[in-house]
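Coordinate analysis (summary)
Here are the chains, one letter per residue:
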Amino acid sequence: MLVYAHGGGWVVGSIVTHDPFCRLLSEAAGVIVLSVDYRLAPEHLFPAGVEDILTAFRWAAGNAATFGGDGRRLALGGDSAGANLAAVTAQRLFRAADKDAVRALMLLYPVTDHPSSEHHSYVENGSGYGLTAALMQWFWKLYAPGISPDEPDVSPLRLSPVPAFPATLVATAEYDPLRDEGIAYAEKLKAAGVPVTHQHAPDMHHNFPVHPGTVARFPQCRAALADFAAWLRAKLA
């Protein structure tokens, strides 16, 4: 089973917007996808979303068998801000000594750092490719006002030391403001000994394999979906 957190800058998005992708991934990978309707900002500030994903994961671990799942073979995943929530949830599970609960971690173009870090892709891809640098800054202000950018539970790239995470997939896209922080996160985990698979999509933008208007429509999206599914299927075998 995959416990999945949708993207949307912690502010927008829903299980409805991501339902096409989750259904396609479930079918392709042969896994149950539990898509979580977590609380959104600004009505619910950090750490509400993290707490919801953590609660959903623990519920899945205890109740998977009641709907055909296997609580011993659980993955955490998400895209964009949802990938941030998945990574932070993994951190919290490890702090709580629940590290064996997570078999795999699937992070699609994750938010791993605060905009104040000024990663080059924020400048290079800051406008003209859908997600903009200005929109990301707005999302951050609504989600975590007053929280230090150095807080690892909002900026997982700043976590030190890195726990012995399970096999982790990090997907990045060339024309994405989040590209460089995703690459940096993959490299940091790899340097710490985490088994990392980094899938980079040249010529593609943020959200390309998940957006309902592109998923399963374009060859690059179909190929990415197949790669994600194959990785997930292998890690949960």
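Relevant structure appears above.
Throughout what follows, the structure given in this document is the object of discussion. (Residues numbered from 1 in each chain as written. Predicted model: local features only at pLDDT ≥ 70, side-chain atom pairs only at ≥ 80, totals over all residues. Heavy atoms only, no water.)

1. Considerations on the packing of helix H1 (residues 19–29) against helix H7 (residues 219–235)
We count it as follows: To obtain each axis, a line is fitted to C-alpha atoms, and for helices this fit is confined to the stretch in contact; angles are then taken between N-to-C directions over 0 to 180 degrees. Only DSSP runs of H or I with at least four residues qualify as helices, and only runs of E with at least two residues qualify as strands; both kinds are numbered from the N terminus onward. Reported orientations rely on four angle classes, namely roughly parallel under 35 degrees, roughly antiparallel over 145, roughly perpendicular from 65 to 115, and oblique for the rest. Left-handed describes a crossing whose near helix is turned anticlockwise from the far helix through less than a right angle; right-handed describes the clockwise counterpart. Contacts are assigned to residue pairs that have any heavy atoms within 4.5 Å of one another. Residue type decides the class: Asp, Glu, Lys and Arg count as charged, Ala, Val, Leu, Ile, Met, Phe, Trp, Tyr, Cys and Pro as nonpolar, and the leftover types, Gly among them, as polar.
Where H1 contacts H7, the two axes come as close as 8 Å, and the packing angle between them is 55°. Viewed along their axes, H1 and H7 adopt a mutual orientation that is oblique. Note that H1 runs across H7; the crossing there is right-handed. Touching Phe21, Leu24, Leu25, Ala28 and Ala29 of H1 are Leu225, Phe228, Ala229, Leu232 and Arg233, all from H7. Partitioned by chemical class, the residues of the contact of H1 with H7 number 9 nonpolar, no polar and 1 charged.

2. Digging into the packing of helix H2 (residues 48–63) against helix H3 (residues 81–95)
Running from N to C, H2 and H3 cross one another at 65°; their axes reach a closest spacing of 9 Å. Comparing the axis directions of H2 and H3 gives the class roughly perpendicular. Pair H2 / H3 crosses with right-handed handedness. Contacts between H2 and H3 involve Gly49, Val50, Glu51, Ile53, Leu54, Phe57 and Arg58 from the former and Leu85, Val88, Thr89, Arg92 and Leu93 from the latter.

3. Observations regarding H3
Quick note on the threshold: Given a helix with a known number of residues, its expected span is that number minus one, times 1.5 Å. Relative accessibility thresholds used throughout: buried, under 20% of the residue-type maximum; exposed, over 50%; partly exposed, between the two (1.4 Å probe, protein chains only).
The end-to-end C-alpha distance of H3 is 21 Å, a good match for the 21 Å that 15 residues give at a rise of 1.5 Å each. Extensive coverage of H3 is indicated by the burial of 14 of its 15 residues. Immediately beyond the C-terminal end of H3, within one or two residues, lies Ala97, with a positive phi of roughly 65°.

4. Details of the layout of surface pockets
Rules: Detection works on a 1 Å grid of protein atoms alone, calling trapped sets that fit a 1.4 Å probe cavities and calling open sets with protein on both sides within 12 Å along at least five of seven lines pockets, with lining residues defined by an atom within 4 Å of a point. Grid points are joined across faces, edges and corners, and a volume is the space filled by probe spheres set on the points.
The computed volume of the largest pocket comes to approximately 310 Å³. Every residue lining the largest pocket is counted, 19 residues in all, and those nearest its centre are Gly7, Gly8, Val12, His18 and Asn207. Of the residues forming the lining of the largest pocket, the biggest block, 3 residues, is contributed by helix H5 (residues 133–143). By residue class, the composition of the lining of the largest pocket is 7 nonpolar, 11 polar and 1 charged.

5. Some points on the pairing of strand S6 (residues 196–205)
Looking along a regular strand, one sees side chains alternate from face to face of the sheet. Keep this limit in mind: Pairing between two strands is assigned when DSSP locates at least 2 bridges connecting them. We call a crossover right-handed when, viewed with both strands directed away from the observer, the connection leading from the first strand over the helix to the second proceeds clockwise.
Note: strand S5 (residues 167–175) against S6, 7 bridges, orientation parallel. Within S6, the position partnered with Leu169 by the bridge is Thr197. Running through helix H6 (residues 179–191), the crossover from S5 to the neighbouring parallel element S6 is right-handed.

6. Points about the pattern of salt bridges
Heads up, the condition is: One speaks of a salt bridge when a side-chain nitrogen belonging to Lys or Arg is within 4 Å of a carboxyl oxygen belonging to Asp or Glu.
Evaluation of the coordinates by the stated rule reveals 12 salt bridges. For the salt bridge of Asp153 with Arg92, the shortest nitrogen-to-oxygen distance reads 3.0 Å. You can see Asp153 sitting in the loop between H5 and S5 and its partner Arg92 sitting in helix H3, a full 61 residues away along the chain. For the salt bridge of Asp113 with Arg158, the shortest nitrogen-to-oxygen distance reads 2.7 Å. Note that Asp113 is positioned in the loop between strand S4 (104–108) and helix H4 (120–124) and Arg158 in the loop between H5 and S5, a separation of 45 residues in sequence. One salt-bridge network, in which partners are shared between bridges, spans Arg39, Glu51 and Asp52.

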